[in-house]
Amino acid sequence: MYRFDNHIAAYDESRRYNRKGEIAAFPPYVTFELGNSCNFSCIMCRKTYIKEKKEELDFSVFKKCVDEISNYGSLVRFIGYCEPLLYSKIKDAIRYVKKKGLRLHITTNGSLLNREMINAILENEVDSVIFSFQGFTQEEDCFMRNISCKTYSNVVNKIKLLHKSRKSEKPYITISTTITSRDNPEYETEFIKRHMCYADQVQVTGATHFAFIEDESGIRDIEKKLGLNKPRKLKNVKCFLTNYEMKIAENGNVYMCCGSFTDELNIGNIEKNTLFNMWHSEKAMKIRETLAFGDLDKFKNCRACQIRYDYDKIGNTIMNTMKGKNKKKKMELYAEER
Ligand code: SF4
Ligand code: SF4
């Protein structure tokens, strides 16, 4: 059973399995995609182009998953192709995870944060929240996310309020952005400085990826239309994420990584099986083997996965600037090129 001192320890643990044949007995962190909708319609998000009936995870199914996860002590994450704060039972879900003694992380666009939500985050001691931005400037964020300046300012003000209302170090607040070559690198320092006053960490997490947009929207050459170059495809990429990642989607389907959504990477449904059994199933083992040998083209999800690309000037790096440690570090992404 894992006993993580904080949410970061779960990611540290996962690195142990980032090689062939090293499979976690149970994933150190488990992602929930609580719903299938978002209140934003970002240009770079596949969700923007999909028309589907709004659905969300049944709360009793959610509890069943959390009960099982609590046997292993994994970090729980609310992320995915959705806005988690839209979940009708979001406060109950937060309370349930924390009552089980698990670490909890939420990634949100921040627009639905209000006083009530802030109280729920603080009272239940949510461990970590990432607020996602796009690009270095307000102008670029508003353009790429189809939002107004007012919405942008509202998000920033709500994050400030959360930060100011904290009585302890929880939640650990991260401001995160991906960038494109439309972003002037000279604005990076300004972006970090601007947001660091109400965050513990500011991350520039590599390049914005436009995978699946053509498939989902029918729009051709979206990168060209935005004035971007096509990224360079890396050779011989292997993926080991399926050794330590698992996602539960709004319909109870369980997938092998948090970016996956196709049947090929679906290992079952929580209403029919346990997470543990699915994790150790024959299908899961076959998927791992295929990806560890670098046969990523076999799966639609993996054919266009961002770990297969490198972007001029931007690359596939993560820049973390952390408060207090005065530390700026560059971490290699999990992709390997040989
Ligand atoms: S906020 Fe996130 S989930 Fe929502 S449309 Fe934008 S990228 Fe997609
Ligand atoms: S290649 Fe990408 S989509 Fe496929 S399992 Fe790995 S991280 Fe997920």
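Whatever comes next refers back to the structure up there.
Rules and cut-offs
- Residues numbered from 1 in each chain as written.
- Chains lettered and ligands numbered in written order.
- Predicted model: local features only at pLDDT ≥ 70, side-chain atom pairs only at ≥ 80, totals over all residues.
- Near = placed C-beta within 6 Å.
- Nonpolar A, V, L, I, M, F, W, Y, C, P; charged D, E, K, R; others polar.
- Helix = DSSP H or I, 4+ residues; strand = E, 2+ residues; numbered from the N terminus.
- Contact = placed C-beta atoms within 7 Å.
- Core = buried A, V, L, I, M, F, W, Y, C linked by C-beta atoms within 7 Å.
- Buried ≥ 20, exposed ≤ 12 C-beta atoms within 10 Å, placed from the backbone.
- Axes fitted to C-alpha atoms, helices over the stretch in contact; angles between N-to-C directions.
- Parallel < 35°, antiparallel > 145°, perpendicular 65-115°, else oblique.
- Left-handed = near helix turned anticlockwise from the far one by under 90°.
- Pairing = 2+ DSSP bridges.
- Right-handed = clockwise from strand over helix to strand, strands pointing away.
- Arc of directions from axis to C-beta.

> Would you mind showing me how to read the site of ligand 1 here?
The full set of residues close to ligand 1 is Cys 38, Phe 40, Ser 41, Cys 42, Cys 45, Lys 47, Thr 48, Tyr 81, Cys 82, Glu 83, Asn 109 and Arg 145. Counted by class, the shell around ligand 1 contains 6 nonpolar, 3 polar and 3 charged residues.

> What should I look at first to understand unusual backbone geometry in this one?
Trans is the common state for peptide bonds, and a negative phi is the common state for residues other than glycine. Cis peptide bonds are those with omega within 30 degrees of zero, and the linkage from Lys 170 to Pro 171 qualifies with -5°. Residue placement: Pro 171 occurs in the loop between helix H6 (149–165) and strand E5 (172–179). With a phi close to 50°, Asp 221 is a non-glycine residue in the positive phi region. Residue position: Asp 221 is located in the loop between helix H8 (213–217) and helix H9 (222–225). If you check the backbone angles, Asn 236 has positive phi at about 50° while not being a glycine. Inspection of the secondary structure puts Asn 236 in the loop between strand E7 (232–233) and strand E8 (245–248).

> Got a minute to help me understand the environment of Ile 270 in this structure?
Position of Ile 270 relative to the elements: it lies in the loop between strand E10 (266–269) and helix H10 (275–279). Separated by 21 residues in sequence, Ile 270 and Ala 249 have C-alpha atoms that sit 9.6 Å apart. If sequence neighbours within four positions are ignored, Ile 270 has contacts with Val 61, Lys 64, Cys 65, Ile 248, Gly 252, Val 254 and Leu 275.

> How should the nonpolar core be read in this particular structure?
Here is a general trend for soluble globular proteins: nonpolar side chains tend to be buried in one another's company. Core analysis: the biggest nonpolar cluster contains 75 residues, and Val 76, Ala 93, Val 97, Val 254 and Met 256 have the highest contact counts within it. Those residues in contact with Met 256 that lie beyond four places of it in its chain are Thr 242, Glu 245, Met 246, Leu 265, Ile 267, Ala 284 and Ile 287.

> What's the story with the packing of helix H2 (residues 59–69) against helix H3 (residues 90–99) in this structure? I'm lost.
Packed helices, taken two at a time, are described by the angle their axes make and the gap between the axes. Relative to each other, H2 and H3 sit at 20°, their axes nearing to 10 Å. In terms of orientation, H2 lies roughly parallel with respect to H3. You can see that H2 and H3 cross each other, and the crossing is right-handed. In contact with Phe 59, Phe 62, Lys 63 and Val 66 of H2, H3 contributes Asp 92, Ala 93, Tyr 96 and Val 97.

> So what exactly am I meant to see when it comes to the pairing of strand E3 (residues 104–108) here?
It is a general feature of regular strands that their side chains alternate between the two faces of the sheet. Among the 5 residues of E3, 5 are classified as buried, and the element is accordingly described as predominantly covered. In E3, alternate side chains face the same way, and those of Leu 104, Ile 106 and Thr 108 on one face and His 105 and Thr 107 on the other are all buried. Strand direction decides the pairing type here: strand E2 (residues 75–78) and E3, joined by 3 bridges, are parallel. Counterpart to Phe 78 in the pairing with E3 is Ile 106. In terms of handedness, the path from E3 via helix H4 (residues 115–123) over to strand E4 (residues 128–134) forms a crossover that is right-handed.

> Honestly, helix H1 (residues 7–15) in this entry has me stumped. Any pointers?
For an α-helix, 3.6 residues make a turn, and residues three or four places apart therefore share a direction. Listing the buried residues of H1 in full gives His 7, Ala 10 and Ser 14. Down the axis of H1, the smallest arc covering the buried residues is 50°, so these residues share one side. Looking at the buried side of H1, the elements it contacts are strand E1 (29–32), E2, E3, E4 and E5.

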